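Spelled out from the first residue to the last, the chains are:
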Amino acid sequence: MKVTLTDKGATVDAHDLGPLLGLTPAEVPEKMRAGEITSQSEEGRDEDAGRIRLTFWYAGQRVRLICDSTGTVLKTTRIRSAN
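Given the structure is predicted, the values throughout are model-derived calculations rather than measurements. (Residues numbered from 1 in each chain as written. Predicted model: local features only at pLDDT ≥ 70, side-chain atom pairs only at ≥ 80, totals over all residues. Heavy atoms only, no water.)

A. Just the side chain of Arg64, in detail. In this structure, Arg64 sits in strand β5 (residues 61-67). An unpaired buried charge is present at Arg64: no salt bridge exists, and Glu42, the closest side chain of opposite charge, is 5.0 Å distant. A polar atom in the side chain of Arg64 sits 3.1 Å from the side chain of Thr55. If we ignore the near neighbours within four places in the chain, the residues touching Arg64 are Arg53, Leu54, Thr55, Lys75, Thr76 and Thr77. (Helix = DSSP H or I, 4+ residues; strand = E, 2+ residues; numbered from the N terminus. Buried < 20%, exposed > 50% of the residue type's maximum accessible area, 1.4 Å probe, protein only. Lys, Arg positive; Asp, Glu negative; His and termini not counted. Salt bridge = Lys/Arg side-chain N within 4 Å of Asp/Glu carboxyl O. Polar contact = N/O pair within 3.5 Å; in protein donor to acceptor, adjacent residues only side chain to side chain. Contact = heavy atoms within 4.5 Å.)

B. Seen up close, the pairing of strand β4 (residues 52-58). Counted residue by residue, β4 has six buried out of seven residues, so it is predominantly covered. Two strands pair when backbone bridges link them, and strand β3 (residues 38-43) and β4 are joined in this way by six bridges, in the antiparallel orientation. Along β4, the bridge assignment pairs Ser39 with Phe56. If you look at the hairpin formed by β4 and β5, you'll find two residues sitting between the two strands, and Ala59 has a positive phi there, around 50°. (Pairing = 2+ DSSP bridges.)

C. Summary view of the pattern of salt bridges. According to the stated counting rule, one finds two salt bridges in the structure shown. The shortest N-O distance in the salt bridge between Glu42 and Arg53 comes to 2.9 Å. Of this pair, Glu42 sits in strand β3 while Arg53 sits in strand β4; the two residues are eleven residues apart in sequence, bridging distant segments of the chain. Of the residues examined, Glu42 reaches a relative accessible area of 25% and is grouped as partly exposed.

D. Highlighting the sheet that holds β3. Taken in spatial order, the four strands make up an open sheet running β3-β4-β5-β6, and their pairing is antiparallel. Edge positions in the open sheet fall to β3 and β6 (73-80), since each of these has one partner strand only. Adjacent strand axes in the sheet meet at a mean angle of 15°, parallel and antiparallel pairs treated alike. This element, helix α1 (residues 14-21), spans β4, β5 and β6 of the sheet and lies at about 140° to β5. (Axes fitted to C-alpha atoms, helices over the stretch in contact; angles between N-to-C directions.)

See the structure below:
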């Protein structure tokens, strides 16, 4: 999986994100527009410099992607969450 990184932020293809959230790719944009999927992007510091952490919350679950500076996903986690 690859994340597209630009000056305006990170983009994850709905075909990659949807299954991680238990959704079809077509559902991802509509749920994001409705505010049902929320997200956060963080840049690594110190020993994590050059990495980016993307977190998505939807329906009591959290999906986190750790990417390198080229957008290659190094680690993916999915857990049930209170958010």
